Each structure stands twice: as structure tokens, then as C-alpha cells.
Amino acid sequence: MAFQVEISQPDNRYQVTPVFDKIKTLEGTRAGLPYGSSSGNWGDSGSSWTEQYGTPIGADITYYADYENKYYHLDIDFSVDIIKDYMERAYSRREDQQGETQEYKRLGRGFESGGGEAYDSFTTLVFGFAPKGMVVVWLNFGNTRIELGRYQAQPVTDPAEITRAKEKYLTMYRITPKRYEESQKEYFIADASPKEWDDYRQRYHWRPVVISSNPKFRLFEILNYTYNGEKEGALRPWALDMPYKERAIPREMVFFWETGKEKHEQLNARAFFDWEKTNEAFKKAGNKIEMQVKIASDNNSIEILLNGKPLETDSIRIYQWSGEYKESYR
């Protein structure tokens, strides 16, 4: 089965460039990283490359971080049992017209976005490269992205290995020795640290609950994009009673609902969260946290609380929306 590979970064200041790359596969087939440097944002490179084949079970990568002027070597193995389990899963991305929509079904690989299916199986292996050799790996399932693990690359210290990596880097990317030296000074970041992205991995035991005093209120879908690079989609009826589980801090959440069949009664809202304020509120909220999203009966405002205490957000925006769910007003 085919899959895509992405190499992401926190932002452009922390771009890295692979020099030697190998994705280990269960079948022993050759797989590797895209050509070129990392791109995009944390957990999402925004670009894809030639399809790779097999079941990814690890990686052996040497890459150059010009902002540290260091080569790093990452040699990791994923749990084969965990990978096999995920390869059997297909997560929901739209309503299941054949029955009740579930978080995921064990359909095996081969269900992909654009195929008209209600569920997405594994599509993309995503690497995220942060400072000081911090590497996070995620698995993409269309509307769902799950962190597989946090790994630590080691600086290459052997002079012969550094020379070999440098020669390959200069040749592969057609960089002159002069430009190589210039870039070391131009892009160097003395205080580069992985702390921010390590902190984003903090998890709390929580769930969202969306309610309204409008008697005609029907919630259909929740999308949760978290600071640690994960994303979670929940559809009705799953969205009506989401379980408590260990989740990272939300960066953005989207809610879809209706209170009638008129256009002005079909709405979605986007809530944006500040990391520090939200994380502090979660710390104080306790060991079991319910995020209550209270939509006003007239649909014009939203209040968000953690275990009954108001949670300050960066902003909340409400939009009219046109679409249809199985239980939509008609």
C-alpha cells in the first residue's frame, strides 16, 4: 500500500535539510523522505512527494540544521504492534451513510480522501523537526492526525561522518562552500530550544461538550486542532458524548450546528485559543475536565468554560454555513 511522507518544522527559522534518509518498512521495501528541506508548520508540511510503499516501522535519517550548524542522526524503531493496530484503522471524515458513524472502523488500508468513503485509513507519515534534535512523528488519517511519538536525534560528532554528510549536502543541493559558510552565520540561532514544542505535548484528561438552550439545537460535528500538531474530528452521534481522554491543549476548535432549515440557522463557529492562558486554565481545572461550549439560543454568541469557570479565548467567530448532515433540518 502507498503512503505519503511529509517533513515539517515549527516555522521557517527552524528549517532542516535531510542528507541521508531511509524509512524502515515491515516489508523491507525502500522508502524515504521528500527531496528538499522541511516546510510548513508543526505537524503539517503543506507539501507532498512521490508515494512510498510498505508499512513504516522506523527511520534512519541524517539531517542538517543550519541554524545550529549541526548534523543530527536519527535512528528509531516504532512499535510494530502499535503500527499494525493503526494500519487496521480508518477514521471518520464524513457521515457513514450505511449506519451509525463511529470514531473509526477496522477496515484496513486503502480508504482515502476523495474516494467517497466515510472513513480514511492511514495516508501520511509526518516528521516534525524541532531544535536540539527533537523529532516528533505523526500518523495522518485524513481528518485525523495522531502523534506516534517524540524521539531524540543525536548530534553527529565523528569528523569523518561530518565530512561525509557535508559533502553529500553540498553536492545534493548544489551549495558552494562559500555559501555554506555564509548561511551558518546568516541563519544561526544561538538560543534555539525545543522547549516550546515539548511543552505543547502536555496532555490533560478532558472532553468538549457543546450545548444550547435553543430547543431546536442540533450539533453535528466538532473539529479539534491542538498545539501539539494533532487533529481530531467527531461527527454525530460521536460528537454528542465524546469520551474523556488525554488530549493536548486546543489551538483551534470548529463546531457545526443547526437550529432550523433556514440559511441563517445553519452555522459554524471557530474558537481560537492562546497557549499560555489556556494551559494555565487547564492546570487549575483538575484531573477530569469538561470544556463546556455554550451557544446562545439566538446563535449570536458563545461562552466557553472549563468545569464551570469561564475560559478566555483569543477570539470566537460565528459564520453562516451551508451543507447537509443525515439529521439536518429539511
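Residues numbered from 1 in each chain as written. Predicted model: local features only at pLDDT ≥ 70, side-chain atom pairs only at ≥ 80, totals over all residues. Heavy atoms only, no water.

Once that is clear, we can look at helix 2 (residues 159-172). Between its terminal C-alpha atoms helix 2 stretches 20 Å, which fits the 20 Å expected from 14 residues at 1.5 Å a residue. Among the residues making up helix 2, those that are buried are Ala-165, Tyr-169 and Leu-170. For helix 2, the angular spread of buried residues about the axis comes to 130 degrees, placing them on one side. More than 90 degrees from the buried face of helix 2, the exposed residues found are Ala-160 and Thr-171. In this structure, the buried residues of helix 2 make contact with strand 2 (17-25), strand 4 (56-65), strand 5 (70-77) and helix 3 (177-187). (Helix = DSSP H or I, 4+ residues; strand = E, 2+ residues; numbered from the N terminus. Expected span 1.5 Å × (residues − 1). Buried < 20%, exposed > 50% of the residue type's maximum accessible area, 1.4 Å probe, protein only. Arc of directions from axis to C-beta. Contact = heavy atoms within 4.5 Å.)

To continue, consider the pattern of salt bridges. In total, this model carries 24 salt bridges according to the counting rule given. Residue Arg-179 is joined to Glu-186 by a salt bridge in which the shortest nitrogen-to-oxygen separation is 2.9 Å. (Salt bridge = Lys/Arg side-chain N within 4 Å of Asp/Glu carboxyl O.)

Time to look at the side chain of Glu-221. Mapping Glu-221 onto the fold places it in strand 14 (residues 218-226). Engagement of the side chain of Glu-221 in a polar contact is seen with the side chain of Tyr-325, the distance being 2.6 Å. Among residues more than four places away in sequence, those in contact with Glu-221 are Asn-143, Ala-234, Leu-235, Val-254, Phe-255, Phe-256 and Tyr-325. (Polar contact = N/O pair within 3.5 Å; in protein donor to acceptor, adjacent residues only side chain to side chain.)

Positionally, Thr-124 belongs in strand 9 (residues 124-129). The class for Thr-124 is buried, based on a relative accessible area of 7%. Here Thr-123 takes part through its side chain, which lies 3.3 Å from a polar atom of the side chain of Thr-124.

Moving on to helix 1 (residues 80-87). If you check which residues of helix 1 are buried, you get Ile-83, Tyr-86 and Met-87. Mapping the buried residues of helix 1 onto a view down its axis gives an arc of 100 degrees, with all of them on the same face. For helix 1, the elements touching its buried residues are strand 4, strand 6 (89-92), strand 10 (134-141) and strand 11 (144-152).

The tendency in soluble globular proteins is for nonpolar side chains to be buried as a group. Judged by nonpolar contacts, the single largest core of 73 residues is most densely connected at Leu-125, Phe-127, Phe-255 and Met-291. Considering each element in turn, this core owes the most residues, seven residues, to strand 10. Residue contacts for Phe-255: discarding those within four places in its chain leaves Val-210, Glu-221, Ile-222, Leu-267, Asn-268, Ala-269, Ala-271 and Val-293. Of all hydrophobic cores here, the second largest spans nine residues; its members include Val-19, Tyr-64, Tyr-71 and Val-156. (Core = buried A, V, L, I, M, F, W, Y, C linked by side-chain atoms within 4.5 Å.)

This part covers the packing of aromatic side chains. Applying the stated criterion across every chain yields a total of 28 aromatic pairs. With 5.5 Å between their ring centres and 35 degrees between their planes, Trp-321 and Tyr-325 make a pair best called tilted. Tyr-325 carries the same exposure label as Trp-321, and that label is buried. Three or more aromatic residues joined by ring pairs make a cluster, and in this case those are Tyr-35, Trp-49, Tyr-64, Tyr-71, Tyr-169, Tyr-173 and Tyr-180. (Phe/Tyr/Trp six-rings, centres within 6.5 Å; stacked < 30°, edge-to-face > 60°.)

With that settled, consider the sheet that holds strand 2. As summarised here, the arrangement of the four strands in space is 2-4-5-12, forming an open sheet in which the pairing is antiparallel. In this open sheet, the two strands that pair with only one neighbour each are strand 2 and strand 12 (154-155). (Pairing = 2+ DSSP bridges.)

Of note, the amide linkage connecting Arg-236 to Pro-237 takes the cis form, showing an omega dihedral of 0 degrees. Position of Pro-237 relative to the elements: it lies in the loop between strand 15 (231-235) and strand 16 (245-248). At Asn-299, a residue that is not glycine, the phi angle is positive and equals roughly 65 degrees. Structurally, Asn-299 can be placed in the loop between strand 19 (289-295) and strand 20 (302-306). Note on Asn-299: relative accessible area 7%, which makes it buried.

Interpretation note: all reported values are geometric properties and have no functional meaning in isolation.
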